[in-house]
Amino acid sequence: MNKKEATLKYLTIITMITLSILMIFVIFPFQDQYKLSDESISDEMTSISENNYEKKYEMVSKKVIPYIVYGMVEINGKTYIGEVKEDKQNGKDYCIYYDEKDHWYSNYYVTILENEEINVDKLSDEEIELYVNYNGFMSKSDYFIWVDIYRNETYILKKDNNYFKMYNRLLCSTGANITPTKRGLYEIESKDTHFYSRDNTYICYNYLQYSGSYLLHSFPYSLDKQVLDDRIKQRVSNGCVRYSFDDSKYLFDLIPISTSIWLN
């Protein structure tokens, strides 16, 4: 090997060593840093997504307005105001909730307070799904019912991989202020094709029972099958939730017993 070849070989070895050092101390750390940067970006994107979800829920929750009827009780020189949770015999007696307890009074002692009407926007399917799933509502059947008393609408959701999706919505009428619809979370206890009023003067069809005498059912009909009151999207009933005959039949056929129902 001549001197020129030896010099060239020496330079080649030096170059390879230099590249190895660069790979170890410069390029590899840069790659690791780059990978960490990717992970950081991914975490940040997840955080942004979660924050958007929270913000969306906050916006929707402001639109979900409970319809609460209040009663004023005047007895023994004292005055109490609380939510009217339910009544008996079409307003003969009232259950008023105050001081963290239920109190029953004759209507003689109770004044039902007027509610101020507020214009509310219609909830979209996406907003309904977000609200129900965010709050973790559950049901023993594949369906979940939400009666929006304020809007006089009923939302039906169906499970899809443990996520409730909008299935249908129905117009309804709910209880008048003096006989308000009972609010809360319940299960459908029973159902039947019809029932007669206590005085046997009218009949309602396709009922679903959710709490005692509180039902979902058709408009009231006379005994000769003439509709007596077909007002819809109004608070006019004796406390039950009313639907057209066709919608009540649809609910009756669709919804199994033990389905969860939330009325707000």
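Residues numbered from 1 in each chain as written. Predicted model: local features only at pLDDT ≥ 70, side-chain atom pairs only at ≥ 80, totals over all residues. Heavy atoms only, no water.

## Remarks on the sheet that holds strand E2 (residues 78–88)
Read from one edge to the other, the open sheet built from five strands follows the order E4-E3-E2-E1-E5, with strand pairing classed as antiparallel. A single partner strand is all that each edge strand has here, and the edge strands are strand E4 (101–106) and strand E5 (110–112). The sheet shows a mean angle of 40 degrees between the axes of neighbouring strands, direction not considered. Strand direction decides the pairing type here: E2 and strand E3 (residues 93–98), joined by five bridges, are antiparallel. Looking at E3, one finds that Lys-88 is bridged to Asp-93. (Pairing = 2+ DSSP bridges. Helix = DSSP H or I, 4+ residues; strand = E, 2+ residues; numbered from the N terminus. Axes fitted to C-alpha atoms, helices over the stretch in contact; angles between N-to-C directions.)

## Comments concerning helix H2 (residues 125–134)
Burial of H2 is extensive: seven of the 10 residues sit out of reach of the surface. Listing the buried residues of H2 in full gives Glu-127, Ile-128, Glu-129, Leu-130, Tyr-131, Val-132 and Asn-133. (Buried < 20%, exposed > 50% of the residue type's maximum accessible area, 1.4 Å probe, protein only.)

## Remarks on the side chain of Thr-259
You can see Thr-259 is positioned in the loop between helix H3 (245–254) and strand E17 (260–263). Of note is the side chain of Thr-259, whose polar atom sits 2.7 Å from the side chain of Ser-141. Discounting chain neighbours no more than four positions away, the residues touching Thr-259 are Ser-139, Ser-141, Tyr-143, Phe-144, Ile-145, Tyr-186, Glu-187 and Ile-188. (Polar contact = N/O pair within 3.5 Å; in protein donor to acceptor, adjacent residues only side chain to side chain. Contact = heavy atoms within 4.5 Å.)

## Observations concerning the confidence of the model for the chain
For the chain, per-residue confidence averages 86 on the pLDDT scale, and residues scoring 70 or more make up 80% of the total. The model gives residues 40–46 a pLDDT under 50, and that stretch makes zero contacts with residues more than four places away or in other chains. (pLDDT = per-residue confidence, 0-100.)

## Side note on the sheet that holds E17
What the five strands build is an open sheet, ordered E8-E7-E6-E17-E10; its pairing is mixed. Because the sheet does not close on itself, it has two edges, and the strands there are strand E8 (163–171) and strand E10 (184–187). With direction set aside, neighbouring strand axes in the sheet form an average angle of 20 degrees. The strands that H2 touches are strand E6 (143–148), strand E7 (153–160), E8 and E17; relative to E8, the one it contacts most, it runs at about 125 degrees. Sitting on the sheet, H3 is in contact with E6, E7 and E8, with an inclination near 150 degrees to E8.

## A few points about the pattern of salt bridges
Enumeration according to the criterion identifies 14 salt bridges in this entry. With a closest N to O distance of 3.0 Å, Glu-127 and Lys-63 form a salt bridge. In this pair, Glu-127 sits in helix H2 while Lys-63 sits in helix H1 (residues 3–63), placing the two residues 64 residues apart along the sequence. Glu-127 gets classed as buried once you look at its relative accessible area, which sits at 17%. When its relative accessible area of 22% is taken as the criterion, Lys-63 is described as partly exposed. As a salt-bridge pair, Arg-183 and Glu-83 come within 3.0 Å of each other at their nearest N and O atoms. A residue pair is termed long-range when its members are at least 10 positions apart, and Arg-183 in the loop between strand E9 (174–175) and E10 and Glu-83 in strand E2 qualify at 100 residues. Judged by its relative accessible area of 22%, Arg-183 falls in the partly exposed class. Within the structure, one salt-bridge network assembled from shared partners comprises Asp-125, Glu-153, Arg-169 and Lys-233. (Salt bridge = Lys/Arg side-chain N within 4 Å of Asp/Glu carboxyl O.)

## Overview of the pairing of E6
Remark: a regular strand shows side chains that alternate across the two faces of the sheet. Counting buried positions along E6 yields six of six residues, so the element is predominantly enclosed. Note: E6 against E7, six bridges, orientation antiparallel. If you follow Ile-145 over to E7, its bridge partner there is Ile-156. Two successive antiparallel strands, E6 and E7, enclose a turn made up of four residues, where Asn-152 displays a positive phi of approximately 55 degrees.

## Notes on the packing of aromatic side chains
Applying the stated criterion across every chain yields a total of 19 aromatic pairs. For the pair Tyr-108 and Tyr-109, a centre-to-centre distance of 5.1 Å together with 90 degrees between the ring planes defines the contact as edge-to-face. On the basis of relative accessible area, Tyr-108 is assigned to the exposed category, the value being 69%. Between Tyr-143 and Tyr-167 the ring centres are 5.7 Å apart and the planes differ by 75 degrees, which places this aromatic pair in the edge-to-face class. One end of the pair, Tyr-143, is in strand E6; the other, Tyr-167, is in strand E8, with 24 residues separating them in the sequence. Exposure remark for Tyr-143: the relative accessible area of 11% places this residue in the buried category. Stacked on the ring of Trp-104, the Lys or Arg Lys-88 has its end atom at 4.6 Å from the ring centre. Cation over ring: Arg-235 sits above Tyr-67, and NZ or CZ is 3.9 Å from the ring centre. (Phe/Tyr/Trp six-rings, centres within 6.5 Å; stacked < 30°, edge-to-face > 60°. Lys NZ or Arg CZ within 6 Å of the ring centre and 35° of its normal.)

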